[in-house]
Amino acid sequence: MKTKPLFIVMSAPSGCGKSTLIDMLLQEYHDIVYSISCTTRAPRGEEEDGLDYHFKTKERFEELIRENAFIEYAKVHDNYYGTLKAPIEEVLAEGNSMILDIDVQGAAKVRDYVRALPNNDPLKIGYVDIFLLPPDMEELRRRLVNRGTDAPDVIERRLANAEGEIARADEYMFKVTNDDLGHAYKRLCDLIDALSGRM
Ligand code: 5GP
């Protein structure tokens, strides 16, 4: 079935299950491609070039900035991170969809970029942004504690960040609350099916 190619931008505070939900989508929807960011930071552990990130030198990254190759980029802790425009255009031109996992600030830059595009640009035609919400702050705290990956001060910092991000949830076209993983996944699928004309 031919579907409308989407450019899906998704944000969520950490601990909301965003990575899990994106993994579930990618398993089921083989026409959705995950956008791999570029970075100048060094690979960590098992990270692979072209899989986790496109690892670039600072010189190359700055060259790409000058060439306007990025739809958005940011400097975080002395390293650059950015989303290339060309891979998104290519995926959409092939009739597939791209999903971009990005924080609220990055998403705002992407939104501004897309807004300025002509109305007939495939990125603008297929654009949709979704904010994933925790059921409430107590549940988010519980999930971050149960995840067991962060020290208490890191958890407090993540929760403070989450409040700031949730305060901007209204900037997004759609909000999905992850109260229960199965329910949230179903709502995401329904949304994507409706927007892409799958049903
Ligand atoms: P890490 O180095 O831990 O993989 O990521 C550090 C930060 O960079 C995270 O907060 C992550 O959200 C952000 N980041 C990763 N990719 C991109 C990107 O393409 N654009 C922007 N603006 N931030 C990114």
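**Section: the overall build of the protein**
Of regular secondary structure, the protein possesses 8 helices and 9 strands. The C-alpha radius of gyration computed for the protein amounts to 17 Å, which stays within 12% of the reference 16 Å derived for 199 residues, consistent with globular compactness. Overall, the C-alpha framework of the protein stretches about 45 × 45 × 30 Å when taken along its three principal axes. For the protein, buried positions account for 44% of its 199 residues. Residue pairs at least 24 apart in sequence account for 64% of intrachain contacts in the protein once pairs closer than 6 positions are excluded. Summed over all atoms, the accessible surface of the protein reaches about 10,800 Å², with 50% contributed by carbon and sulfur.

**Things to note about the sheet that holds strand 5 (residues 70-76)**
Read from one edge of the open sheet, 4 strands run 4-3-6-5, paired in mixed fashion. Two strands in the sheet have a free side with no partner beyond their single neighbour: strand 4 (54-55) and strand 5. Here strand 3 (residues 38-39) pairs with strand 6 (residues 79-84) via 2 bridges, running antiparallel. Bridged to C38 within strand 6 is G82. Here helix 2 (residues 58-66) sits on the sheet in contact with strand 3, strand 5 and strand 6, set at roughly 45° to strand 6. Of the strands in this sheet, strand 5 and strand 6 are in contact with helix 3 (residues 85-93), which crosses strand 6 at around 25°.

**A few points about the sheet that holds strand 1 (residues 7-11)**
Taken together, the 5 strands give an open sheet; going across it, the order is 2-7-1-8-9, and neighbouring strands pair in parallel fashion. Each edge of the open sheet is held by one strand with a lone partner, namely strand 2 (32-34) and strand 9 (174-177). Strand-to-strand, the axes of this sheet are offset by a mean angle of 25°, without reference to chain direction. Pairing analysis gives 3 bridges linking strand 2 to strand 7 (residues 97-101), with the strands arranged parallel.

**Regarding the pairing of strand 7**
Burial within strand 7 is extensive, with 4 of its 5 residues counted as buried. Pairing between strand 1 and strand 7: 4 bridges, direction parallel. Its bridge partner lying in strand 7, I8 is registered against I99.

**Quick look at the side chain of R143**
Structurally, the position occupied by R143 is in helix 6 (residues 137-147). A distance of 2.8 Å separates a polar side-chain atom of R143 from the backbone oxygen of N178. Apart from residues no more than four positions distant in its own chain, R143 is found in contact with G15, C16, P135, N178 and D179.

Rules used throughout
Residues numbered from 1 in each chain as written. Predicted model: local features only at pLDDT ≥ 70, side-chain atom pairs only at ≥ 80, totals over all residues. Heavy atoms only, no water. Helix = DSSP H or I, 4+ residues; strand = E, 2+ residues; numbered from the N terminus. Rg over C-alpha atoms; globule rule 2.2 N^0.38 Å. Buried < 20%, exposed > 50% of the residue type's maximum accessible area, 1.4 Å probe, protein only. Contact = heavy atoms within 4.5 Å. Areas by Shrake-Rupley, 256 points an atom, 1.4 Å probe, with all protein chains shown as cover. Pairing = 2+ DSSP bridges. Axes fitted to C-alpha atoms, helices over the stretch in contact; angles between N-to-C directions. Polar contact = N/O pair within 3.5 Å; in protein donor to acceptor, adjacent residues only side chain to side chain.

These results come straight from atomic positions and should not be treated as a statement about function.
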